[in-house]
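# Architecture at a glance
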Amino acid sequence: MGCPSVGLAGCLSRRAMTTPAGSGTGFGLVSWWGLSPALDLQAESPAVHADADAAQADSELELDVLLLGSVDGRHLLRTLARAGRWPRRRLNFYMLEQNLEAVARHMLLFSLVLEDPEKMGLQERSETFLEVWGNAQLRAPVAAFVRAQAVRLALLVPEPARLERELPWLRLCALKFRERDALEAVFRFWSGGEQGPEAFPVGRLWDARVRHYLGSRYDARRGVSDWDLRMKLHDRGARVIHTQEFRRWRDTGVAFELRDSSAYHAPNRTLASGRLLTHHGERVATRGYWGDIATGPFVAFGIEADDQSLLQTRNGQPVKTAGEITQHNVTEVLRELAAWGRPRAAQGDPEKELEGSPEQRLSGDPARAPFTLHFLPLGSAHALHHKGCYQGRFQLLYVACGMVHLLGPELAACVAPGGNLVVESARFLVDLRSEQLQAFSARIGELAGAAGFTPRAAAGPSETFARFTKPTSAGPRNLPQIPSLGAPSPVAPSARPDQAQGEPASHAKVGADPEPQSLSLSAHSLCCDTPVPIAAAPSLGSDHTHRDPSSYARVEASPEPQSLSLTSDGGSRDQEPPGRH
């Protein structure tokens, strides 16, 4: 997860989230990479029984997985790479994200992973993947690749027939029309290389975020990064992250320096997202970098490895850095994905192996791909159980730490009896203290229990993921008659209209509640009630930066919650609440 654009909502006070190192807002409002190691989702799902009836055995087995806030697709990639180790079955992934930029990044990264090997070799694909995924600045060839793919995807999104023909693994039919229009606008912005770097000055935006995060400790930022690394990340299991690479990422946003440092100068537009800010009483559409500046993208692929020699230490120091381990793991994932994708009848025959598209070679069936990515409408988590096609459908439910507040009986109704639940913890959030991590883990157990799940034993580390199962006696339509602990409370007579029940937590203004009632990771509780410098979000069409603290703007919640997507020409499209049509 990944970790999110929503979370510690009303549970941890602003005072609790203030750390000795800074403001506690390094978590960010938008999540671009996961803050937990990649999982094989087939290993987390209920086992396929060998004594299934003959009719079911002859038919194609399927695994339906619902993922809330997976963000970067790391779990999907690892699952697909290891699919050859399990009985063959079709994999259906249903994705629910907090913003359309995350959906666009999914599409871009999977298009890269499934790129024809004749056009892009294994090493080039892995290096391009790492730069697009985790670097704030790109090399010129990688930036050109992003622009070319963005042009292609922008043309495919409004044409469903062509999209299904060229990307058979992708399904956007569940998205609303306005969401598809906004998705196209995201790709148009990515493809607009003629606008120059000032359209998204990520270097200046990154520095503004760091200054706001550290405050008076900015001049001591290297000492702060060393403290966060050694006293927090290392103590929590990420000892392979090297001091130099962590400092470089904290200073510049470049996590994976695969070439000379001078080659990274093109802004990574896939990390841009839009917000509505109130400045001098006016609502201004802005584009900026609102992601993580505290932990980094090293955890997803960089702290675990099948090859234990990569994790060895000498004189108490790891022999490999997290960046090197990440590059090795990503390369192996792409290699395994390609090996599993060869049709069995064609193995050993290079000419037959090259027949068909990469997606079709993955399945061995020229008519269809072996997996499908279904993207669900934004903010639809509490409405899925109203549709019969989702009731009791999913054998596995994955919830990122930033989406825990959505865990309730409504989501449980979508899980099949005997299905499993995996919830990401906040272990690698450096802004949280040990007692806060324990409170968050306890709250996960409370929410899961209230939703009808029971704990289950698992081989994986309990500090990183909490695992539950749904009793087989519970029917998919049996909704407990209790309030959803993770959902917003009903409106009191004196409540503001923007705090009404059913609105997404990402649009609600977080107040200073002396008795918080729920614990769930929300970026709004971390920084939306703190003044945001205009320097972190320059108004579209202007590169002027205000650094005077008096020019800070406060994010206001609107009576009509809106999900903002910025168009390529500098305008904005305000989307209606997810429940409206």
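Bear in mind the structure is a predicted one, so any value in this text is a computation, not a measurement. (Residues numbered from 1 in each chain as written. Predicted model: local features only at pLDDT ≥ 70, side-chain atom pairs only at ≥ 80, totals over all residues. Heavy atoms only, no water.)

### Some words on unusual backbone geometry
Rules: Strands are runs of DSSP state E lasting at least 2 residues, helices are runs of H or I lasting at least 4, and numbering of each runs from the N terminus. Working definition: with a 1.4 Å probe on protein chains only, accessible area under 20% of the residue-type maximum means buried, over 50% means exposed, and in between means partly exposed.
A positive phi angle is found at Val 71, which is not glycine, with a value near 70 degrees. Examined against the element boundaries, Val 71 turns out to sit in the loop between β1 (62–68) and α3 (74–81). On the basis of relative accessible area, Val 71 is assigned to the buried category, the value being 6%. Phi angles above zero are rare outside glycine, and His 280 is one such case at about 55 degrees. Residue position: His 280 is located in the loop between β6 (273–279) and β7 (282–288).

### Observations regarding the pattern of salt bridges
Formally: Any Lys or Arg side-chain nitrogen found within 4 Å of a carboxyl oxygen on Asp or Glu counts as a salt bridge.
Within this structure, the stated rule accounts for 22 salt bridges. The salt bridge partner of Arg 259 is Glu 127, with a shortest N-O separation of 2.9 Å. Here Glu 127 lies in helix α5 (residues 122–134) and Arg 259 lies in the loop between α11 (243–252) and β5 (266–267), a separation of 132 residues in the sequence. Residue classification places Arg 259 among the partly exposed residues on the basis of a relative accessible area of 39%. Here Arg 443 ties to Glu 446 by a salt bridge, and the two come within 2.6 Å at their closest N and O atoms. Here Arg 443 and its partner Glu 446 are both found in helix α17 (residues 434–450), three residues apart, which amounts to about one turn of the helix. By relative accessible area, which is 11% here, Arg 443 ends up buried. Because the salt bridges share partners, they merge into one network encompassing Glu 44, Arg 456 and Arg 467.

Honestly, that's just the spatial picture; any functional story needs more than this.
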